[in-house]
Amino acid sequence: MAKYRKLGRPSDQRKALIRNQITALLYNGRIITTEAKAKEVRRDAEKLIALAVREADNYEEVTVKAKVPRKNADGQKMHEIVDGKKKTLYDEVDKTIKKDLPSRLHARRQMLKVLYPVTEVNEKKKKDRTDVDLVDKLFTEIAPKYKTRNGGYTRIVKIGPRKGDAAMMVVLELV
């Protein structure tokens, strides 16, 4: 028996397809695809979620000093003019940040090897784009949800054959 399904594609296209579907699954929570693709995506997605669950609490909180621009009542940065040039005024603030321990950092990098970058586009302003940190979403939202669960993070539900070629279509979703 083969270790994986070839899905009728060369290896580079197959890997890109699986990475793309894993990214979509973790971002949206569910995808609609064929049964064979879903079974392949499920294997790798469950490995990523298991890695996130294992390393979710593996960090330390550190307090650092940060320079933050001083703002006026309207929320705009305050400036002062020195020698004819505008200079922004800064305040020093203590911030608490999460510092990954080595094993969590390694897990983060392993996840970044698989997941594609995701960009959200604002509906009102098409030029207003924000990058989504899927790895952070895995650690902060998905992993705590599955902390008590031992595997089986995804579910495949059959929805019937596709009209064109009668391939069995399924919904792959996070449980």
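Each remark here, short or long, concerns the structure printed above.
Here the structure is a predicted model, which is why all the values come from computation and not from measurement. (Residues numbered from 1 in each chain as written. Predicted model: local features only at pLDDT ≥ 70, side-chain atom pairs only at ≥ 80, totals over all residues. Heavy atoms only, no water.)

With that settled, the discussion passes to the overall build of the protein. Scanning the protein from N- to C-terminus turns up four helices and nine strands. Helices and strands in the protein line up, N terminus first, as α-β-α-β-β-β-β-α-β-β-α-β-β. Computed over the C-alpha atoms, the radius of gyration of the protein is 22 Å, more than 25% above the 16 Å expected from 2.2 N^0.38 for a compact globule of 175 residues. Taken over 175 residues, the protein has a buried fraction of 30%. In the protein, once contacts between residues fewer than 6 apart in sequence are set aside, the share between residues at least 24 apart is 61%. By element, 49% of the accessible surface of the protein is carried by carbon and sulfur atoms, the whole surface being about 12300 Å². Positive and negative side-chain charges of the protein, numbering 42 and 25 respectively, have mean locations separated by a distance of 7 Å. (Helix = DSSP H or I, 4+ residues; strand = E, 2+ residues; numbered from the N terminus. Rg over C-alpha atoms; globule rule 2.2 N^0.38 Å. Buried < 20%, exposed > 50% of the residue type's maximum accessible area, 1.4 Å probe, protein only. Contact = heavy atoms within 4.5 Å. Areas by Shrake-Rupley, 256 points an atom, 1.4 Å probe, with all protein chains shown as cover. Lys, Arg positive; Asp, Glu negative; His and termini not counted. Charge placed at Lys NZ, Arg CZ, Asp CG, Glu CD.)

Right, let's talk about unusual backbone geometry for a bit. If you check the backbone angles, Asp83 has positive phi at about 55 degrees while not being a glycine. With respect to the helices and strands, the residue Asp83 is situated in the loop between strand E3 (79-82) and strand E4 (85-88). Taking relative accessible area as the criterion, Asp83 reaches 77% and is therefore assigned exposed. Unlike most non-glycine residues, Ala166 shows phi in positive territory, near 60 degrees. With respect to the helices and strands, Ala166 occurs in the loop between strand E8 (154-161) and strand E9 (168-174). Taking the relative accessible area as the measure of exposure, Ala166 reaches 56% and is therefore exposed.

Let us now look at the nonpolar core. Leu26, Ile49, Met111, Leu115 and Leu138 are the most contacted members of the largest nonpolar core, which has 29 residues in total. Of all the secondary structure elements, the ones that give two or more residues to this core are helix H1 (11-28), helix H2 (35-55), helix H3 (102-114), helix H4 (134-145) and E9. Top element by residues in this core is H2. It accounts for eight residues. If sequence neighbours within four positions are ignored, Leu138 has contacts with Leu26, Ile49, Ala52, Met111, Leu115 and Ala143. (Core = buried A, V, L, I, M, F, W, Y, C linked by side-chain atoms within 4.5 Å.)

A few words now on the side chain of Glu55. Tracing the chain through its elements places Glu55 in helix H2. Side chain to side chain, Glu55 and Asn58 meet in a polar contact 2.8 Å long. Not counting residues up to four positions away in its chain, the partners in contact with Glu55 are Ser103, Arg104, Ala107 and Phe139. (Polar contact = N/O pair within 3.5 Å; in protein donor to acceptor, adjacent residues only side chain to side chain.)

Residues Ile32, Val157 and Ile159 make up a contiguous nonpolar surface patch of about 270 Å² in total accessible area. Position of Ile32 relative to the elements: it lies in strand E1 (residues 30-34). (Patch = residues over 30% accessible without salt bridge, like charges linked within 9 Å, V, L, I, M, F, W, Y side chains within 5 Å. Salt bridge = Lys/Arg side-chain N within 4 Å of Asp/Glu carboxyl O.)

Here we come to the packing of aromatic side chains. Throughout the structure, instances matching the rule amount to one aromatic pair. Considering the side-chain rings of Tyr146 and Tyr153, the 5.2 Å spacing of their centres and the 55 degrees angle between planes classify their relative orientation as tilted. By relative accessible area, Tyr146 is classed as buried at 2%. Among the residues examined, Tyr153 registers a relative accessible area of 5% and is labelled buried. Lys67 extends its terminal NZ or CZ atom over the ring of Tyr90, reaching a point 5.8 Å from the ring centre. Over the face of the ring belonging to Tyr59 we find Lys98, whose NZ or CZ atom lies 4.8 Å from the ring centre. (Phe/Tyr/Trp six-rings, centres within 6.5 Å; stacked < 30°, edge-to-face > 60°. Lys NZ or Arg CZ within 6 Å of the ring centre and 35° of its normal.)

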